[in-house]
Amino acid sequence: MSDATPTPESATGSAPDSPDFDTLTRDIADVPAVEVITTVAVHLMSAAAVNLGLAEGGEGHKDLDEARKLIHSLGGLMDASATEISSFHAAPLRDGLKSLQLAFREASEVPDEPGQGPGEKYTGPVFG
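Residues numbered from 1 in each chain as written. Predicted model: local features only at pLDDT ≥ 70, side-chain atom pairs only at ≥ 80, totals over all residues. Heavy atoms only, no water.

What about helix α3 (residues 33-51)?
Part 1 of the argument: Taking 1.5 Å as the rise per residue, α3 with 19 residues should run 27 Å; its terminal C-alpha atoms sit 27 Å apart, in good agreement.
Part 2 of the argument: Restricting attention to buried positions, one finds in α3 the residues Ile37, Thr38, Ala41, Leu44, Met45, Ala48, Ala49 and Asn51. The buried residues of α3 occupy an angular sector of 160° when the element is viewed end-on, so they sit on one face.
Part 3 of the argument: Of the surrounding elements, those touching the buried residues of α3 are α4 (64-81) and α5 (87-107).
Part 4 of the argument: In the segment just after α3, glycine 53 is the residue with positive phi, at about 85°. (Helix = DSSP H or I, 4+ residues; strand = E, 2+ residues; numbered from the N terminus. Expected span 1.5 Å × (residues − 1). Buried < 20%, exposed > 50% of the residue type's maximum accessible area, 1.4 Å probe, protein only. Arc of directions from axis to C-beta. Contact = heavy atoms within 4.5 Å.)

A word on the layout of surface pockets
Part 1 of the argument: Its volume calculated, the largest pocket comes out at about 160 Å³.
Part 2 of the argument: What lines the largest pocket is Gly75, Met78, Asp79, Ala82, Ala90, Arg94, Leu97, Lys98, Gln101, Tyr122 and Thr123.
Part 3 of the argument: Of all the secondary-structure elements, those providing two or more residues to the lining of the largest pocket are α4, α5 and α6 (120-123).
Part 4 of the argument: The greatest single-element share of the lining of the largest pocket, amounting to five residues, is contributed by α5.
Part 5 of the argument: Its residues assigned to classes, the lining of the largest pocket comprises five nonpolar, three polar and three charged. (1 Å grid on protein atoms, 1.4 Å probe; cavity = no way out; pocket = protein on both sides within 12 Å on 5 of 7 lines; lining within 4 Å. Points joined across faces, edges and corners; volume = space filled by probe spheres on them. Nonpolar A, V, L, I, M, F, W, Y, C, P; charged D, E, K, R; others polar.)

Description of α4
Residues separated by three or four positions in an α-helix point in the same direction, a consequence of the helix having 3.6 residues per turn.
Part 1 of the argument: The end-to-end C-alpha distance of α4 is 25 Å, a good match for the 26 Å that 18 residues give at a rise of 1.5 Å each.
Part 2 of the argument: Of the residues making up α4, those classed as buried are Ala67, Leu70, Ile71, Leu74, Gly75, Gly76, Met78 and Ser81.
Part 3 of the argument: Each element contacted by the buried residues of α4 is listed here: α3, α5 and α6.
Part 4 of the argument: For α4, the N-terminal cap is aspartate 63; the gap from its side-chain oxygen to the backbone nitrogen of aspartate 65 is 3.2 Å. (Polar contact = N/O pair within 3.5 Å; in protein donor to acceptor, adjacent residues only side chain to side chain.)

Re the packing of α3 against α4
Part 1 of the argument: Relative to each other, α3 and α4 sit at 155°, their axes nearing to 8 Å. The angle between the axes of α3 and α4 places the two elements in the roughly antiparallel class. Two packed elements cross with a definite hand, and for α3 against α4 that hand is left-handed. Contact residues: α3 offers Ile37, Val40, Ala41, Leu44, Met45, Ala47, Ala48 and Asn51, while α4 offers Leu64, Glu66, Ala67, Leu70, Ile71, Ser73, Leu74, Leu77 and Ser81.
Part 2 of the argument: Looking at the contact of α3 with α4, its residues break down into 13 nonpolar, three polar and one charged. (Axes fitted to C-alpha atoms, helices over the stretch in contact; angles between N-to-C directions. Parallel < 35°, antiparallel > 145°, perpendicular 65-115°, else oblique. Left-handed = near helix turned anticlockwise from the far one by under 90°.)

What about the confidence of the model for the chain?
Part 1 of the argument: Across the chain, the average pLDDT comes to 87, with 85% of residues at 70 or higher.
Part 2 of the argument: Put simply, helix α1 (residues 8-12) is where the chain has its lowest mean pLDDT, 47, and α4 is where it has its highest, 97.
Part 3 of the argument: A low-confidence stretch, residues 6-12 (pLDDT under 50), is modelled with two contacts involving residues beyond four sequence positions or located in other chains. (pLDDT = per-residue confidence, 0-100.)

The structure is reproduced here in structure tokens:
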């Protein structure tokens, strides 16, 4: 057993050299909106790919219900941010979204009708 007396920092779980809330807020404020949007989109794409079974060891993580939600959310984000981010940023994200939609259609035992798949509310029907 240690005879060290807990310090206020160790009692709260934060280290003395960890950034405070004001520092974190300033750091977030310095990040351009387009970077936040694209980062969120990439996270949604990655999570959807894992849930489609496209990651290493894929079938063990396959969950089409979760993939549908993530792809639909990505479609909504892309639709909502279309006028806010440039084509330079949007084009690869749209391509990734379409690839995920096609992979979802392929992975489904009973594919959705055209225009009814995940995210197609925002993108329109996706065809190979």
